[in-house]
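What the coordinates show
Letter by letter, the chains look like this.
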Amino acid sequence: MKIDILTLFPNMFDGVFSESIIKRAIQNNKVEINLHDFRDFTDDPHNKVDDTPYGGGAGMVLMAQPIYDCVESLKSDDSFIILMTPDGVSYKQSMAYDLSKKKHIIIICGHYEGFDERIRNLCDLEVSIGDYVLTGGEIPSMAIVDSVVRLLPGVINEQSHMEDSFNNSLLDYPTYTKPRVFRGMEVPDVLLSGDHKKIDEYRYREAFNKTKSRRPDLLEK
Ligand code: 6GU
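These numbers come from a predicted model, not from an experiment.

1. Details of the nonpolar core
With 28 residues, the main nonpolar core has Ile3, Ile5 and Val149 as its most contacted residues. Looking at this core, the elements with two or more residues in it are β1 (2-7), α2 (20-27), β5 (79-90), α4 (93-99), β6 (104-109) and α5 (138-149). Residue contributions to this core peak at 5 residues, all from α5. When sequence neighbours within four positions are dropped, the list of residues in contact with Ile5 reads Phe13, Phe17, Ile33, Asn34, Leu35, His36, Ile107, Cys109, Ser141 and Val145. If you look at the next biggest cluster of nonpolar residues, it comprises 18 residues, including Leu6, Ala64, Leu74 and Ile108.

This is how it looks when you write it as structure tokens:
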């Protein structure tokens, strides 16, 4: 898979892509991730990428031209283009699975107070990561990349995805490791019993009850 990210702040991504599982996935050629500063694509003699809104109002608006030119230099028939914006559809695990099947993803990070509406016409999907406002699409795009890359074949143990929260619409069951008693808090006996049928039942029951109390909306599906 190839991922191209368009941003005014490519340095924001340094730490995230140079550690842990994403770093290893890049090193092992499971994914190629390229950062593009769309300021490099501006036609403006002063390198401007934003301007005041028509009709008035506060703030500066990202212009369409640098983003169109940058996307057009990258896209092919295999490209899937995503715009990060708080008014996009809410991101879900099922979307991570769909995206993990794509050959090429282009992600556009909005910033400042907004972007020219015509940028939406370039995109296959507009995505938000939740009902709160961030200063830009960079952090949300990192969440998308992380959730997709971990699903690529050979990146993490596939058994781990099957047990992920949100698969089968349930949150995760509780897990413990040594020691058996920590500051008076004990590991449930059933996990030490060696009885795998009982352990599976316990885990399902805990996952179900946690989902019911925290996220009843998941059970309605
Ligand atoms: Cl994609 N962008 C911004 N700026 N804020 C957000 C978001 C995206 N998703 C949630 N909040």
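2. Here we look at unusual backbone geometry
The step from Lys178 to Pro179 runs through a cis peptide bond, and the omega angle for that step is 5°. Relative to the assigned elements, Pro179 resides in the loop between α6 (158-162) and β8 (181-182). At Asn29, a residue that is not glycine, the phi angle is positive and equals roughly 60°. Mapping Asn29 onto the fold places it in the loop between α2 and β2 (32-37). By relative accessible area, Asn29 is classed as exposed at 69%.

3. Regarding the site of the ligand
Taken together, Met84, Thr85, Pro86, Val127, Ser128, Ile129, Gly130, Tyr132, Leu134, Gly136 and Pro140 make up all the residues around the ligand. At 3.4 Å, a side-chain N or O of Ser128 approaches a nitrogen atom of the ligand. Backbone polar atom of Tyr132 to a nitrogen atom of the ligand: 2.6 Å apart, as the coordinates give it. Out of a free accessible area of 290 Å², the ligand has 96% covered by protein chains. When contributions to the shell around the ligand are tallied by element, the ones reaching two or more residues are β5 and β7 (125-128). Residue contributions to the shell around the ligand peak at 3 residues, all from β5. Across the shell around the ligand, the residue classes break down as 7 nonpolar, 4 polar and no charged.

4. Remarks on the domain arrangement of the chain
When its domains are assigned, the chain resolves into domain 1 (2-157) and domain 2 (163-220). The distance between the C-alpha centroids of domain 1 and domain 2 comes to 36 Å.

5. Looking at a nonpolar patch on the surface
Side chains of Met12, Tyr132, Leu134 and Ile139 sit close together on the surface and give an oily, nonpolar patch of about 370 Å² of accessible area. Here Met12 lies in the loop between β1 and α1 (14-17). By relative accessible area, Met12 is classed as partly exposed at 38%.

Procedures and definitions
Residues numbered from 1 in each chain as written. Predicted model: local features only at pLDDT ≥ 70, side-chain atom pairs only at ≥ 80, totals over all residues. Heavy atoms only, no water. Core = buried A, V, L, I, M, F, W, Y, C linked by side-chain atoms within 4.5 Å. Buried < 20%, exposed > 50% of the residue type's maximum accessible area, 1.4 Å probe, protein only. Helix = DSSP H or I, 4+ residues; strand = E, 2+ residues; numbered from the N terminus. Contact = heavy atoms within 4.5 Å. Near = heavy atom within 4 Å. Polar contact = N/O pair within 3.5 Å; in protein donor to acceptor, adjacent residues only side chain to side chain. Areas by Shrake-Rupley, 256 points an atom, 1.4 Å probe, with all protein chains shown as cover. Nonpolar A, V, L, I, M, F, W, Y, C, P; charged D, E, K, R; others polar. Domains from an automatic or database assignment. Patch = residues over 30% accessible without salt bridge, like charges linked within 9 Å, V, L, I, M, F, W, Y side chains within 5 Å. Salt bridge = Lys/Arg side-chain N within 4 Å of Asp/Glu carboxyl O.

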